[in-house]
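So you can see what is in the structure, the chains are spelled out below.
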Amino acid sequence: MLKAEYQQRGPVPQDVISAVPLQLPEPTAGQVRVKVLAAPINPSDVLTLTGAYGMLPPLPAVGGNEGVGKVEALGEGVSNFKVGQTVLLPVGCGTWVTALNAPAEKLIPLPDADPLQLAMLTVNPPTASLLLSEFVDLKPGDWVIQNAANSGVGSYLIQLAKLRGFKTINVVRRDSAIAGVEAEGGDLVLVDGPDLAKRVRAATGGAEVRLGIDAVGGVSTDNLAAVLANGGVLVNYGMMSGQACQVSPASFVFRDVTLRGFWLAKWFQQASPAQQMKVFGELVQLIAGGKLKTRVAATYDLEHIKDAVTAAASGERDGKILLVP
């Protein structure tokens, strides 16, 4: 058995993490041993390795914040799970491992479905869902604009918006990303640029856009803000450009645009168990039913963790990188 561990953080994420032997004891009372089937590498995981994320575990640490597995053994007193059952792993438990012991109360039973898609349930789908529901009261037929539309969150947002009757304007940073986003069902796909607002107005017939979603920062934030209608809300959830959000005072002063921030970890802290289960209940059914999915660029075993992190940190990939221990 192996685990992907890092003893320090550094600017080159693949340099600080390695696959090392894992010695796993038998599960104790109340625990379940789970064989990990799949665990994704998210942008937040890469930022954690570099030390640039907003929440950092103590060192040494095992990578991975989400994943899916199958129950292998039950500790004393565990009666609500059975061997062979598919389960969602607890958030932030260090999922880049062959297997792990977890408290039974922290595991969520899942239907049998594609483990690669189920493994990505915890982070990107709820982020996309909440971005669409928490900031603007959208109605069927409304337009939403997002950048980083070829990302994992972008893919889920396109699909969820379509299921809810919304139309999406999808902004990417390179021509080669257009076809993939169109294949996901994006209604309009454009390459970012200073004239974005003009092109959006021409393509939509001047449609009112009240919600913008920004994962890039820098001038890209301003490009989205310029598209929004009076009183529009722009929500930032990432900084893929490495630059702070830039917005012209004209958007704030003359059109009353609001810039907000969203961090899923904060939502988890504040949401009630009932609120969390409502969100996850909907998403599990959609994923298990094949109505919600995202592209997978490649899978790696734990022995090739350095290659996997290198691929995940690359801006040119088309889809998610997952570990299949």
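- Within an unreviewed UniProt entry, the label attached to the protein reads enoyl-[acyl-carrier-protein] reductase, and the organism entered is Ectopseudomonas alcaliphila.
- Per UniProt, the comment on the protein under Catalytic activity (unreviewed entry) is "a 2,3-saturated acyl-[ACP] + NADP(+) = a (2E)-enoyl-[ACP] + NADPH + H(+)".

Examining the packing of aromatic side chains
Aromatic ring pairs are reported here in terms of the distance separating the ring centres and the angle at which the planes meet.
Phase 1: Enumeration according to the criterion identifies 4 aromatic pairs in this entry.
Phase 2: A ring pair is formed by tyrosine 53 and tryptophan 263, whose centres lie 5.8 Å apart and whose planes are at 80 degrees; its orientation type is edge-to-face. Here tyrosine 53 is found in the loop between helix H2 (43-50) and strand E4 (61-62), whereas its partner tryptophan 263 is found in the loop between strand E14 (258-261) and helix H10 (264-270), with 210 residues between them in sequence.
Phase 3: Accessibility expressed as a relative area gives 30% for tryptophan 263, which makes it partly exposed.
Phase 4: Between the aromatic rings of phenylalanine 268 and phenylalanine 280, the centroid separation amounts to 6.0 Å while the plane-to-plane angle is 15 degrees, which identifies the pairing as stacked.

Focus on helix H11 (residues 273-288)
Phase 1: With 16 residues, H11 ought to run about 22 Å at 1.5 Å a step, and its terminal C-alpha atoms sit 22 Å apart, in line with that.
Phase 2: Along H11, the residues classified as buried are Gln276, Val279, Phe280, Leu283, Val284, Leu286 and Ile287. Seen from one end, H11 has its buried residues packed into an arc of 165 degrees, which puts them on one side. What points out from H11, more than 90 degrees from its buried face, is the exposed set Ala274, Lys278 and Gln285.
Phase 3: Against the buried residues of H11 lie helix H3 (115-119), helix H4 (124-133), helix H5 (152-164) and H10.
Phase 4: After H11 finishes, the residue glycine 290 shows a positive phi value of roughly 75 degrees.

So, how was this worked out
Residues numbered from 1 in each chain as written. Predicted model: local features only at pLDDT ≥ 70, side-chain atom pairs only at ≥ 80, totals over all residues. Heavy atoms only, no water. UniProt positions renumbered as here; feature names shortened; annotations may be inferred. Phe/Tyr/Trp six-rings, centres within 6.5 Å; stacked < 30°, edge-to-face > 60°. Helix = DSSP H or I, 4+ residues; strand = E, 2+ residues; numbered from the N terminus. Buried < 20%, exposed > 50% of the residue type's maximum accessible area, 1.4 Å probe, protein only. Expected span 1.5 Å × (residues − 1). Arc of directions from axis to C-beta. Contact = heavy atoms within 4.5 Å.

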